[in-house]
Amino acid sequence: MSDLDQLTQSLARNLKHWRSERGFTLDALAARSGVSRGMIIQIEQARTNPSVGTTVKLADALGVSITTLLDHQQCAQVRMVPPEQAVRMWSTSTGSSTTLLVGSERGGPLELWSWRLTPGDESASDPHPDGTTELIHVTAGVLTLIADGQEHTVPAGTSATFEANVAHTYRNDGDETVELMMAVSVPPVR
């Protein structure tokens, strides 16, 4: 089974599990997430591999991390994630990418990401649920962070945090590749 097939099967199984765990009908999850009922059915039947945006919307609506939706082996006390099992969620032909390194559900979803943005590239995100916090640390280049329409310059060595319940964009306006680490904390579904 290819990595993509394994990812599609894991997402199908985990989406069904968490939808059932939360007691959400297909219609309820569609309404909460903004993802169509038909798309949710296709994902649960492993007939499609959804976009990162769709996966984020479903995870947010379920109150779980993306890691939980994609994880093919939930396990005990210490969970090691070797580099080859980290999940590349987005990439461009110019070399930009985001990689979900690891996540946890304890106390609400928590995710750790590695980002790489080549000059001129950007990644925009819809608002996450209220209470969602993103923390970033830029390790190379100069990041332009746009949160709720306001631009912030974040140079290498600098960290930033913001409430991510607003539209936000990570952009590289410079001529050097931007590298950063990001942690995302999402409040548990109540």
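The sections below set out a description of the structure shown in this document. All values reported here derive from a predicted model rather than from experimental measurement.

Conventions we followed
Residues take numbers from 1 onward in each chain, read along the sequence in its written order. Reporting of local features is limited, given that this is a predicted model, to residues whose pLDDT is at least 70; pairs of side-chain atoms are given and counted only at 80 or more, and all residues count toward the totals for whole chains, interfaces and linings. Just so you know, side-chain values use all the structure's heavy atoms and leave hydrogens and water out. Strands here are runs of E lasting at least two residues and helices are runs of H or I lasting at least four, both read from the DSSP assignment and numbered beginning at the N terminus. The size measure is the radius of gyration over C-alpha atoms, and the globule rule it meets is 2.2 Å times the number of residues to the 0.38 power. Only protein chains enter the accessibility calculation, which uses a 1.4 Å probe. A residue is then buried if its area is under 20% of the maximum for its type, exposed if over 50%, and partly exposed in between. In this analysis, two residues are considered to be in contact whenever any of their non-hydrogen atoms come within 4.5 Å of each other. What sets the accessible areas is the Shrake-Rupley method with a 1.4 Å probe; for residues, cover comes only from the shown protein chains. His is not counted, nor are the chain ends; Lys and Arg add positive charge and Asp and Glu add negative charge. Throughout, a charge is located at the NZ atom of Lys, the CZ atom of Arg, the CG atom of Asp or the CD atom of Glu. Paired strands are those between which DSSP finds at least two bridges. To get an axis, a line is fitted to the C-alpha atoms, and for a helix only the part in contact is used. The angle between two axes follows their N-to-C directions and goes from 0 to 180 degrees. For this analysis, a salt bridge means a side-chain nitrogen from Lys or Arg found within 4 Å of a carboxyl oxygen belonging to Asp or Glu. For classification purposes, an angle smaller than 35 degrees is called roughly parallel, one larger than 145 roughly antiparallel, one from 65 to 115 roughly perpendicular, and anything else oblique. In this scheme, a crossing is called left-handed if the near helix is turned counterclockwise away from the far one by less than a right angle; it is called right-handed if the turn is clockwise. Throughout, the ten residues Ala, Val, Leu, Ile, Met, Phe, Trp, Tyr, Cys and Pro are labelled nonpolar, Asp, Glu, Lys and Arg are labelled charged, and all others, Gly among them, are labelled polar. Put simply, a nonpolar core is a bunch of buried Ala, Val, Leu, Ile, Met, Phe, Trp, Tyr and Cys residues held in one set by side-chain atoms that sit within 4.5 Å of each other.

Broken down by element type, the protein chain carries five helices and ten strands. Computed over C-alpha atoms, the radius of gyration of the protein chain comes to 17 Å, within 12% of the 16 Å expected from 2.2 N^0.38 for 190 residues, which places it in the range of a compact globule. Buried positions account for 42% of the 190 residues belonging to the protein chain. Sequence separation of at least 24 residues holds for 63% of the intrachain contacts in the protein chain that already meet a minimum separation of 6. When the accessible area of the protein chain is evaluated, it comes to approximately 9900 Å², of which 49% is carbon and sulfur surface. One way to put it: in the protein chain the 14 positive side-chain charges average out to a point 10 Å from where the 22 negative ones average out.

On the basis of which strands lie adjacent, the open sheet formed by six strands has the order 1-2-3-10-5-8 and antiparallel pairing. The two strands at the open ends of the sheet, each matched to only one other strand, are strand 1 (87–91) and strand 8 (159–163). Taken over all neighbouring pairs, the strand axes of this sheet differ in orientation by 20 degrees on average, direction set aside. Judged from the five bridges that link them, strand 5 (residues 133–140) and strand 8 form a sheet pairing that is antiparallel. The residue of strand 8 that forms the bridge with Ile 136 is Ala 160.

Counted by the stated rule, this structure contains six salt bridges. Two residues, Arg 19 and Glu 44, come together in a salt bridge whose shortest N-O distance is 2.6 Å. Of this pair, Arg 19 sits in helix 1 (residues 3–22) while Glu 44 sits in helix 3 (residues 37–44), and the two are 25 residues apart along the sequence. For the pair Arg 19 and Glu 44, a shared accessibility class is recorded, and that class is buried.

If you walk across this open sheet you meet the four strands as 4-9-6-7, and the pairing is antiparallel. Looking at strand neighbours, the two that pair on one side only are strand 4 (122–125) and strand 7 (150–155), the edges of this open sheet. Put simply, the sheet's adjacent strands are angled 15 degrees from each other on average, direction ignored. Both strand 6 (residues 142–147) and strand 7 contribute to a ladder of six bridges, which runs antiparallel. Bridging across to strand 7, Thr 144 finds its partner in Thr 153.

Across the interface, helix 2 (residues 26–33) lies against helix 3 with an axial gap of 9 Å and an inter-helix angle of 115 degrees. Considering their axes alone, helix 2 and helix 3 lie roughly perpendicular with respect to each other. For the pair helix 2 and helix 3, the sense of crossing is right-handed. Across the interface between the two elements, Leu 26, Asp 27, Leu 29, Ala 30 and Ser 33 from helix 2 touch Arg 37, Ile 40, Ile 41 and Glu 44 from helix 3. Across the contact of helix 2 with helix 3, the residue classes tally to five nonpolar, one polar and three charged.

Core analysis: the biggest nonpolar cluster contains 40 residues, and Leu 69, Leu 143 and Tyr 170 have the highest contact counts within it. Examining the composition of this core, we find that five residues originate from one element, helix 4 (residues 52–62), more than from any other. Residue contacts for Tyr 170: discarding those within four places in its chain leaves Trp 115, Leu 117, Asp 121, Glu 122, Ser 123, Glu 134, Ile 136, Leu 143, Thr 144, Leu 145, Phe 162 and Met 182.

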